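Read off the chains here:
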Amino acid sequence: MYRFLLTPRWWGINVFVVLAIPFCIFMGSWQLGRFEDRVQDHETASAQQESTDRGAARPLAELLPVDKATVGRQATVTGRYDDQLLVPERELDDREGFYVLTLLRTDGGQALPVVRGWLPGEPDPAKAPAPPTGEVTVTGALQAAESPGSNGVSGRSGWPAGQTGAISAATLLNLVPYDVHDAWVTLNEGDSGMRAVPVSAPQGTGLDLKAFQNLGYTAEWFAFVGFVIFMWFRLLRREVELARDAELGLVADEEDGGQTPGTGPDTGTGTGKGEDTGTDDDAGAGKGPARDARTSPSNA
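These numbers come from a predicted model, not from an experiment.

Considerations on the side chain of Asp191
Counting through the fold element by element, Asp191 comes out in the loop between strand E6 (183-187) and helix H4 (209-247). A polar contact of 3.3 Å, which involves the side chain of Asp191, links it to the side chain of Ser192. Those residues in contact with Asp191 that sit more than four places away from it in its chain are Arg116 and Pro132.

This is the structure:
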C-alpha cells in the first residue's frame, strides 16, 4: 500500500520536507535570537541611563570609537571652544527647545562636539550663552553620532546658518573647516544656567518596530514548520486512500482505459440510434415484397 513512497514524485516531496523543516527552524531561531539581542541591548541602555554612578572619567582617546559598551561613559577632554551651533527641535520634559552645541578644539587637531545645555523655545543665537574662553577641561557622557530621521532626530535639510539637525561628523564637516570626532559629549551639568541634556540610548537598542518584526518573523517561520508537516500528512493520507480504493476495485486502473468497474462501451447497450436502426431494417424487410408485387409484369 505504501509502495508509492518509492516513486520519484514522492522522493521529491520527502526531500523537500526534510530540507524545509530544519531550514524553517533555523530561521525562526535566528529571528528569535535577534529579538533577544534587541531586548538585551534595551535593558543595558536603560541601566546605563538610570545609573548615576558611572565611575571615574576616562580620557576621550580611550573610549573611541564609540560603541554600545562606551555610550554613556564619562569622558574628559581638554581644549578650547570654537564655533557654536544650535540644534533645533529637541524636546526635554515634553517641551520643545534646542541644544547649544559648541565645538571643542583639542591638541590632536580634531574637534569634539560638546552639548553645553538645552534651552526652551525657538533657536535664537542671542539666547545661547557664549562659551568660556581659554583652555578648558570638560567632563561629560560620551554619545554616539546621530543619524537624521532616527531616534527623534529631524530628517530635514537646509537649516539656517548656525544650525544643524544632527550631531555627527558627516553633518558638521560641512559647517566647520576642521576635522570633527564622530562622537559628542553632553555635560553632566548645564553651562551658564542651561539645563543639562540627559544621556540618550544608542541607536538600535530600543524595543522599536524592528524588534517586534523579529518576533513576528519568528512566529511565521515556526508556523511554516507546522504547515509543511500538515501538508505532508495530508498528501500521504490522500495517496493511501487512493491505493486502498484501487485494491477494492472502487477506482479504475490505468490498464482498464479509465473505465469504472461494471461499465463498458455504449455499443449494444444504448437505446438510441441502434434500436431505431434495427426497427428500420425490419420495416424494410416487410415492405420489400409489396413493392415487388406492384411492379411485377403479371399484375400489369
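Structural notes on the pairing of strand E2 (residues 74-92)
Of the strand pairs in this sheet, strand E1 (residues 58-59) and E2 are connected by two bridges, and their pairing is parallel. Note that in E2 the partner of Pro59 across the bridge is Thr76. Two elements, E2 and strand E5 (residues 135-144), share seven bridges in a ladder whose sense is antiparallel. By the bridge assignment for E5, Gly79 is matched with Val136. In the sheet, E2 pairs with strand E3 (residues 95-106) via 10 bridges, with the strands oriented antiparallel. Its bridge partner being in E3, Gln84 is matched across the sheet by Thr102. Following E2, the chain reverses through two residues before pairing antiparallel with E3; Asp93 in that reversal takes a positive phi of roughly 55°.

Brief notes about the packing of aromatic side chains
By the definition in use, this model includes four aromatic pairs. When the ring of Trp10 is compared with that of Trp232, the centres are 6.4 Å apart and the planes differ by 85°; the resulting orientation is edge-to-face. Within this pair, whereas Trp10 is found in helix H1 (residues 8-50), its partner Trp232 is found in helix H4, the two being separated by 222 residues in sequence. Over the face of the ring belonging to Tyr178 we find Arg105, whose NZ or CZ atom lies 4.0 Å from the ring centre.

A look at the nonpolar core
Counting residues in hydrophobic clusters, the biggest one holds 16 residues, and the most contacted among them are Tyr99, Leu101, Leu103, Val115, Ile167 and Leu172. Filtering out sequence-adjacent residues up to four positions away, Val115 remains in contact with Tyr99, Val100, Leu101, Ile167, Trp184, Val185, Thr186, Leu187 and Val197. Residues Leu60, Leu112, Val138 and Ala183 belong to the second largest nonpolar core, which totals 14 residues.

What to know about the pairing of E3
Taking burial as the measure, the 12 residues of E3 include nine buried ones, the bulk of the element. Across nine bridges, E3 lies against strand E4 (residues 111-120) in antiparallel orientation. What sits directly across from Tyr99, in E4, is Trp118. Adjacent in sequence and paired antiparallel, E3 and E4 are bridged by four residues, among which Gly109 carries a positive phi angle near 105°.

Observations regarding the side chain of Arg90
Looking at the element boundaries, Arg90 is found in strand E2. Accessibility expressed as a relative area gives 6% for Arg90, which makes it buried. Looking at Arg90, its side chain comes within polar contact range of the main-chain oxygen of Gly165, at 3.1 Å.

Some remarks on a nonpolar patch on the surface
Taken together, the side chains of Leu6, Trp11, Val15, Val18 and Leu19 make up a nonpolar region of the molecular surface, amounting to roughly 560 Å² of accessible area. Relative to the elements of secondary structure, Leu19 occurs in helix H1. Among the residues examined, Leu19 registers a relative accessible area of 57% and is labelled exposed.

Focus on the pattern of salt bridges
Side chains that differ in charge, positive against negative, can pair when their charged atoms come close. One pass over the full model with this rule turns up seven salt bridges. A salt bridge links Arg58 to Glu62; its shortest N-O distance comes to 3.4 Å. Since its relative accessible area comes to 39%, Arg58 is described here as partly exposed. With relative accessibility at 48%, the residue Glu62 sits in the partly exposed group. Linking Arg105 and Asp82 is a salt bridge whose minimum nitrogen-to-oxygen distance equals 3.1 Å. Of the two residues, Arg105 is situated in strand E3 and Asp82 in strand E2; the sequence distance between them amounts to 23 residues. Overall, the relative accessible area of 31% leaves Arg105 in the partly exposed class.

Remarks on the environment of Pro132
When you line up the elements, Pro132 lands in the loop between E4 and E5. By relative accessible area, Pro132 is classed as partly exposed at 35%. Taking C-alpha positions, Pro132 is 9.7 Å from Asp82, a pair spaced 50 residues apart along the chain. Residue contacts for Pro132: discarding those within four places in its chain leaves Tyr81, Arg116 and Asp191.

The rules behind the values
Residues numbered from 1 in each chain as written. Predicted model: local features only at pLDDT ≥ 70, side-chain atom pairs only at ≥ 80, totals over all residues. Heavy atoms only, no water. Helix = DSSP H or I, 4+ residues; strand = E, 2+ residues; numbered from the N terminus. Polar contact = N/O pair within 3.5 Å; in protein donor to acceptor, adjacent residues only side chain to side chain. Contact = heavy atoms within 4.5 Å. Pairing = 2+ DSSP bridges. Phe/Tyr/Trp six-rings, centres within 6.5 Å; stacked < 30°, edge-to-face > 60°. Lys NZ or Arg CZ within 6 Å of the ring centre and 35° of its normal. Core = buried A, V, L, I, M, F, W, Y, C linked by side-chain atoms within 4.5 Å. Buried < 20%, exposed > 50% of the residue type's maximum accessible area, 1.4 Å probe, protein only. Patch = residues over 30% accessible without salt bridge, like charges linked within 9 Å, V, L, I, M, F, W, Y side chains within 5 Å. Areas by Shrake-Rupley, 256 points an atom, 1.4 Å probe, with all protein chains shown as cover. Salt bridge = Lys/Arg side-chain N within 4 Å of Asp/Glu carboxyl O.

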